[in-house]
Amino acid sequence: MKPIYLLIVFFLLTITSEVAAQNNFVSSQIGKQLAEYELNQTILKEKVGNVVNTKFNLLKNTQTAIAVAEPLLFATYGEKTIVNQRPYEVHQVEDYWVILGKNAREATGSEKGYFLIILNKFDSRVFRMDYLRR
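Since this is a predicted model, take the numbers as computed values, not measurements. (Residues numbered from 1 in each chain as written. Predicted model: local features only at pLDDT ≥ 70, side-chain atom pairs only at ≥ 80, totals over all residues. Heavy atoms only, no water.)

1. Notes on the nonpolar core
Part 1 of the reasoning: Residues Tyr88, Ile99, Phe115 and Ile117 are the most contacted members of the largest nonpolar core, which totals 13 residues.
Part 2 of the reasoning: Element by element, the count of residues in this core is highest for helix 3 (residues 62-77), at four residues.
Part 3 of the reasoning: Within the second largest apolar cluster, five residues are counted, among which are Leu100, Tyr114, Leu116 and Ile118. (Core = buried A, V, L, I, M, F, W, Y, C linked by side-chain atoms within 4.5 Å. Buried < 20%, exposed > 50% of the residue type's maximum accessible area, 1.4 Å probe, protein only. Helix = DSSP H or I, 4+ residues; strand = E, 2+ residues; numbered from the N terminus.)

Below, the structure written as structure tokens:
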């Protein structure tokens, strides 16, 4: 009887690990409950040790700002469109990183355009993301 139980457990573990590997993450009911609890604690601001605040600069340099911006831009406008606008114009203005595609300098005519993304340097929130045409 024990070999059958071991075989069943081994089979279930194999299936679970294959599914997790395919999805690149593991999701469970307990994990979801913990995620919901942590979200609620954060929303209610009940004594959470949050590193994100106005005293700690998350986006300390140009490379970090670009590393945060590019996946968002790629997902929205397409990787090829954004990569073709390298090198980017990157400026820190007050508490924000303003990143523009290179076509901002060269855009002429109705077919040309460039991306604009503005990130808060303290919490990396997207303040604005747009594709502009001149």
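2. A word on a nonpolar patch on the surface
Part 1 of the reasoning: Together, Leu39, Ile43 and Leu44 make up a nonpolar patch on the protein surface, roughly 320 Å² of accessible area in all.
Part 2 of the reasoning: Along the polypeptide, Ile43 turns up in helix 2 (residues 29-44). (Patch = residues over 30% accessible without salt bridge, like charges linked within 9 Å, V, L, I, M, F, W, Y side chains within 5 Å. Areas by Shrake-Rupley, 256 points an atom, 1.4 Å probe, with all protein chains shown as cover. Salt bridge = Lys/Arg side-chain N within 4 Å of Asp/Glu carboxyl O.)

3. Remarks on helix 3
Part 1 of the reasoning: Taking 1.5 Å of rise per residue, the 16 residues of helix 3 would be expected to cover 22 Å, and the 21 Å separating its terminal C-alpha atoms lies within 8% of that figure.
Part 2 of the reasoning: Along helix 3, the sharpest kink reaches roughly 30°, centred on Ala69 and followed within four residues by the proline Pro71.
Part 3 of the reasoning: Listing the buried residues of helix 3 in full gives Ala65, Ile66, Ala69, Glu70 and Leu73.
Part 4 of the reasoning: Next to the buried residues of helix 3 lie helix 4 (79-83), strand 1 (89-93), strand 2 (96-100), strand 3 (113-120) and strand 4 (126-133).
Part 5 of the reasoning: In this structure Asn61 caps helix 3, since a side-chain oxygen of it lies 3.2 Å from the backbone nitrogen of Gln63.
Part 6 of the reasoning: Where helix 3 terminates, the next one or two residues include Gly78, which has phi positive at roughly 95°. (Expected span 1.5 Å × (residues − 1). Bend = angle between axes of the 7 residues up to and from the residue. Contact = heavy atoms within 4.5 Å. Polar contact = N/O pair within 3.5 Å; in protein donor to acceptor, adjacent residues only side chain to side chain.)

4. Things to note about the packing of aromatic side chains
Part 1 of the reasoning: In this structure the tally under the stated criterion is three aromatic pairs.
Part 2 of the reasoning: When the centroid spacing of 5.4 Å and the interplanar angle of 45° are considered together, the rings of Tyr77 and Tyr131 count as tilted. Here Tyr131 lies in strand 4 and Tyr77 lies in helix 3, a separation of 54 residues in the sequence.
Part 3 of the reasoning: By relative accessible area, which is 23% here, Tyr77 ends up partly exposed.
Part 4 of the reasoning: For Tyr131, a relative accessible area of 22% gives the class partly exposed.
Part 5 of the reasoning: With a centroid separation of 5.3 Å and an interplanar angle of 80°, the aromatic rings of Tyr88 and Phe115 are classed as edge-to-face. Remark: Phe115 occurs in strand 3 and Tyr88 occurs in the loop between helix 4 and strand 1; sequence separation between them is 27 residues. (Phe/Tyr/Trp six-rings, centres within 6.5 Å; stacked < 30°, edge-to-face > 60°.)

5. Quick look at unusual backbone geometry
Part 1 of the reasoning: For the bond from Arg86 to Pro87, the omega torsion is -5°, close enough to zero to count as cis.
Part 2 of the reasoning: Residue position: Pro87 is located in the loop between helix 4 and strand 1.
Part 3 of the reasoning: With a phi angle near 55°, Glu94 is a residue other than glycine that sits in the positive phi range.
Part 4 of the reasoning: Relative to the helices and strands, Glu94 resides in the loop between strand 1 and strand 2.
Part 5 of the reasoning: Taking the relative accessible area as the measure of exposure, Glu94 reaches 66% and is therefore exposed.

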